[in-house]
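# Report on the structure
Listed below are the residues making up each chain.
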Amino acid sequence: MIKCIIKIKNCPSFIDFKPASDLPEFKKYNLIYGWNGSGKTSFSRILRSFELGENYYNNPEKKSEFIFDLDNEISISHNELTTFKNIRVFNKDFIDDSVFGIGGPKPIFFLGKESKEDKEKIISIEDKLGKLRPNLSSKKSTLEKLKNNKQKILQDKARDIKNALTTTKKDNYRNYDRTNLVKAIEANAEKLKGSEDLKLSDDRLKVLQKSIQQTSEPPINSVSVPNFDLSELENEARNVLSKIITSQVIEKLQADEAVNKWVERGLQIHKDKSLEFCAFCEQKIPIRRLEDLENHFNDEYQRMIQSVKEMKIMVKCL
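An account of the accompanying structure is given in this report. (Residues numbered from 1 in each chain as written. Predicted model: local features only at pLDDT ≥ 70, side-chain atom pairs only at ≥ 80, totals over all residues. Heavy atoms only, no water.)

### Observations regarding the overall build of the chain
If you tally the helices and strands in the chain, you get 12 helices and 4 strands. The buried share among the 318 residues of the chain stands at 19%. A separation of at least 24 residues holds for 53% of the contacts in the chain among residues at least 6 apart in sequence. Accessible surface computed for the chain: about 26300 Å², of which carbon and sulfur atoms make up 54%. (Helix = DSSP H or I, 4+ residues; strand = E, 2+ residues; numbered from the N terminus. Buried < 20%, exposed > 50% of the residue type's maximum accessible area, 1.4 Å probe, protein only. Contact = heavy atoms within 4.5 Å. Areas by Shrake-Rupley, 256 points an atom, 1.4 Å probe, with all protein chains shown as cover.)

Okay, structure coming up:
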């Protein structure tokens, strides 16, 4: 803290000032007052020289000097302006440099030397903003209208899709709404970039609309079921199926239907051609083997098989 003035020389209002011996030392709070021109502003500019780091009254022809004692027994002077930087002066010069209150001061300021240019920029920007705000309000209003119009279009188109594609069956369009349409658009965003290529011709559109139209078809006439008399067929089937065929069954043949038919056909061929040797293996057929096969495929058995075949034909013809 500044304790007292040692000397002030060649500064306005201070030609060669040296304090009188009875001049009190500075305290924590000090009030300096006097007539205009008595040196109050000059004294504040001398102190601000320490804040700015340069001598406000520097003049090559008339060098200004000032020396102060501090309460820590150290002196500061015009030759060491950077040694006492923790000083701040609020005077007319500070207001001109920092506040720059054109059009009246604003309620809040960030004070500092560098803020003068910032203040000028702020004023310029605020002027531009003032011109842009009406346009911004108009754009916001237009945007809001476009959003509402978009939502209405989506809602109307979703309703059209629902009405056109909903059928009496359970399908995906019964509860179709705007949300479904938005999802479909987002999922096909790339395809929709070439929307003209996807546009259907009027003729194709009519065909598709006709295919999904729900129209009432003429009523179907009652189907009359023919009155089949199956009693005769039923009685004949009972007679055929109730017959007991006595035969000497060869178990191996009975167990394999395909082989059984093959042997049956072969036996008939060999009997018709009176072959003594097997046409398959060229071995002589034992007489006992022929008898066994004939007992297996006797005439009564053959007649029953033929009856069953004839009944199958009759049933198919009904």
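### Remarks on the nonpolar core
Ranked by size, the top nonpolar core spans 18 residues in total, and within it Ile-8, Phe-50, Phe-66 and Phe-68 carry the most contacts. Among the elements of the structure, strand 1 (2–11), helix 1 (40–52) and strand 3 (65–70) are those that each provide at least two residues to this core. For Ile-8, the contacting residues outside a window of four places in its chain are Phe-14, Ile-15, Asp-16, Phe-17, Phe-43, Ile-46, Glu-65, Phe-66 and Phe-68. Counting residues in hydrophobic clusters, the runner-up holds 6 residues, among them Ile-250, Val-263, Leu-267 and Phe-297. (Core = buried A, V, L, I, M, F, W, Y, C linked by side-chain atoms within 4.5 Å.)

### A few points about the side chain of Ser-64
Mapping Ser-64 onto the fold places it in the loop between helix 1 and strand 3. When sequence neighbours within four positions are dropped, the list of residues in contact with Ser-64 reads Lys-9, Asn-10, Cys-11, Asn-55, Tyr-57, Asn-58 and His-78.

### Digging into helix 10 (residues 257–272)
With 16 residues, helix 10 extends 23 Å between its outermost C-alpha atoms, agreeing within 8% with the 22 Å of an ideal straight helix rising 1.5 Å per residue. Asn-260, Val-263, Leu-267 and His-270 are the residues of helix 10 that are buried. Looking straight down helix 10, one finds that the buried residues subtend no more than 95° of arc, so they occupy a single side. With respect to the buried face of helix 10, the exposed residues turned more than 90 degrees away are Glu-257, Ala-258, Lys-261, Trp-262, Arg-265 and Asp-272. With a side-chain oxygen positioned 3.2 Å from the backbone nitrogen of Ala-258, the residue opening helix 10 is Asp-256. (Expected span 1.5 Å × (residues − 1). Arc of directions from axis to C-beta. Polar contact = N/O pair within 3.5 Å; in protein donor to acceptor, adjacent residues only side chain to side chain.)

### Observations regarding the sheet that holds strand 3
Picture the strands of a sheet paired through backbone hydrogen bonds; they go either parallel or antiparallel. Spatial ordering of the open sheet is given by 2-1-3-4, a layout of 4 strands whose pairing is antiparallel. Of all the strands in the sheet, just strand 2 (14–17) and strand 4 (75–77) have a single pairing partner and so form its edges. Strand-to-strand, the axes of this sheet are offset by a mean angle of 25°, without reference to chain direction. Taken together, the 3 bridges between strand 1 and strand 2 define a ladder with antiparallel strand orientation. Residue Lys-9 lies in a different strand from strand 2, and its bridge partner there is Asp-16. Against the sheet, helix 1 makes contact with strand 1, strand 2, strand 3 and strand 4, and its axis sits at roughly 75° relative to strand 3, the strand it touches most. (Pairing = 2+ DSSP bridges. Axes fitted to C-alpha atoms, helices over the stretch in contact; angles between N-to-C directions.)

### Examining the packing of aromatic side chains
Applying the stated criterion to the full structure yields 9 aromatic pairs. Residues Phe-50 and Phe-68 carry aromatic rings whose centres are separated by 6.2 Å and whose planes lie at 70° to one another, so their mutual orientation is edge-to-face. A residue pair is termed long-range when its members are at least 10 positions apart, and Phe-50 in helix 1 and Phe-68 in strand 3 qualify at 18 residues. For the pair shown, Phe-50 and Phe-68 are each scored as buried. Pairing Tyr-56 with Tyr-57 gives two aromatic rings, centres 5.0 Å apart and planes at 80°, and the pair type is edge-to-face. Taking relative accessible area as the criterion, Tyr-56 reaches 41% and is therefore assigned partly exposed. Accessibility expressed as a relative area gives 12% for Tyr-57, which makes it buried. Among the aromatic residues, those joined into a ring-pair cluster are Phe-26, Phe-43, Phe-50, Phe-66, Phe-68 and Phe-84. Here the guanidinium or amino end of Lys-284 rests over the ring plane of Phe-277, the centre of that ring lying 5.7 Å away. (Phe/Tyr/Trp six-rings, centres within 6.5 Å; stacked < 30°, edge-to-face > 60°. Lys NZ or Arg CZ within 6 Å of the ring centre and 35° of its normal.)

### Let's talk about the state of the cysteines
According to the stated counting rule, one finds 0 disulfides in the structure shown. Residue Cys-278 stays outside any disulfide, its sulfur separated by 3.7 Å from that of Cys-281, the closest cysteine. (Disulfide = S-S within 2.5 Å.)

### Some remarks on the pattern of salt bridges
Side-chain pairs of opposite charge can arise whenever the charged atoms involved come near each other. Taken as a whole and judged by the stated rule, the model has 9 salt bridges. For Lys-3, the salt bridge identified is with Glu-25, shortest N-O distance 3.8 Å. Taken together, the residues span a long stretch of sequence, with Lys-3 in strand 1 and Glu-25 in the loop between strand 2 and helix 1 at a distance of 22 residues. Residue classification places Lys-3 among the partly exposed positions, given a relative accessible area of 24%. Through salt bridges that share partners, Lys-152, Asp-156 and Arg-159 make up one connected network. (Salt bridge = Lys/Arg side-chain N within 4 Å of Asp/Glu carboxyl O.)

### Here's the deal with the pairing of strand 3
Direction of pairing for strand 1 relative to strand 3: antiparallel, over a ladder of 6 bridges. Each bridged residue has a counterpart across the sheet, and for Ile-5 the counterpart in strand 3 is Phe-68. Both strand 3 and strand 4 contribute to a ladder of 3 bridges, which runs antiparallel. Note that in strand 4 the partner of Phe-68 across the bridge is Ile-76. Between strand 3 and strand 4, which pair antiparallel one after the other, the connecting turn spans 4 residues, and Glu-73 there sits at a positive phi close to 70°.

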